[in-house]
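Residue-level structure breakdown
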Amino acid sequence: MSTRKRFSKLSAILAIATCSAFAVMPASAADFPAGTYAASGITLAFDGSGHFRVTQNDAVKVEGDYTVDGSQLQVTDRTGPWACTKAAEQKGTYRWKSEGNTLTFNKVADACKDRVGSLTLHPFRKQG
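So, here's what we can say about the structure. (Residues numbered from 1 in each chain as written. Predicted model: local features only at pLDDT ≥ 70, side-chain atom pairs only at ≥ 80, totals over all residues. Heavy atoms only, no water.)

**Details of the packing of aromatic side chains**
Scanning the entire structure with this criterion turns up eight aromatic pairs. Residues Phe 32 and Phe 46 carry aromatic rings whose centres are separated by 5.0 Å and whose planes lie at 90° to one another, so their mutual orientation is edge-to-face. Placement of Phe 32 in the loop between helix H1 (3–24) and strand S1 (35–39) and of Phe 46 in strand S2 (residues 42–46) is noted, with a sequence separation of 14 residues between them. Judged by its relative accessible area of 8%, Phe 32 falls in the buried class. We classify Phe 46 as buried; its relative accessible area is 3%. Taking 6.3 Å as the distance between ring centres and 45° as the angle between the ring planes, the aromatic pair formed by Phe 46 and Phe 105 counts as tilted. Within this pair, whereas Phe 46 is found in strand S2, its partner Phe 105 is found in strand S7 (residues 102–110), the two being separated by 59 residues in sequence. Through a chain of ring-to-ring contacts, the aromatic side chains of Phe 32, Phe 46, Phe 52, Tyr 66, Tyr 94, Trp 96, Phe 105 and Phe 124 assemble into a single cluster. (Phe/Tyr/Trp six-rings, centres within 6.5 Å; stacked < 30°, edge-to-face > 60°. Helix = DSSP H or I, 4+ residues; strand = E, 2+ residues; numbered from the N terminus. Buried < 20%, exposed > 50% of the residue type's maximum accessible area, 1.4 Å probe, protein only.)

Printed below as a string of structure tokens:
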């Protein structure tokens, strides 16, 4: 085999290995796609600074804080008519996934059944 063919094969193998490594790397907090998302008449906004807001028909239903650790998002409800404010229900942890303009959540741990249903039943589509 010629040197050129060996170099081409080696380059292709290295390119595939590099792409594969990036494909399986866990997401970082910097990768979390802050912004405004909507699903089933609910709007969910993440400000990029650790604050989130849930609205329905322009009325605020829940406000709180969020943190991101790799592919996990933890939300803490603070105020609003839909907020889970009991100590055992205030925080929920979810695995998040962003593909294109879609953001989905899967429950890791959350005792607030209404929040689980709101976040996991439908994918959220990025607005604007």
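**Examining the pattern of salt bridges**
Tallied over the full model, the rule gives five salt bridges. Among the salt bridges present, the one from Arg 115 reaches Asp 110, with a minimum N-O distance of 2.7 Å. There is no split in this pair, since Arg 115 and Asp 110 are both buried. Salt bridges linked by common partners bring Asp 77, Asp 110 and Arg 115 together as one network. (Salt bridge = Lys/Arg side-chain N within 4 Å of Asp/Glu carboxyl O.)

**Regarding unusual backbone geometry**
You will see that Asn 57, though not glycine, has its phi angle at about 50°, which is positive. Relative to the helices and strands, Asn 57 is located in the loop between strand S3 (51–56) and strand S4 (59–69). For Asn 57, a relative accessible area of 72% puts it in the exposed group. The backbone phi angle of Asp 58 is positive, close to 65°, even though this residue is not glycine. Position of Asp 58 among the secondary structure elements: in the loop between S3 and S4.

**Some remarks on the side chain of Glu 63**
Structurally, Glu 63 is set in strand S4. Among the polar contacts listed, one links the side chain of Glu 63 to the side chain of Arg 53, at a separation of 2.9 Å. (Polar contact = N/O pair within 3.5 Å; in protein donor to acceptor, adjacent residues only side chain to side chain.)

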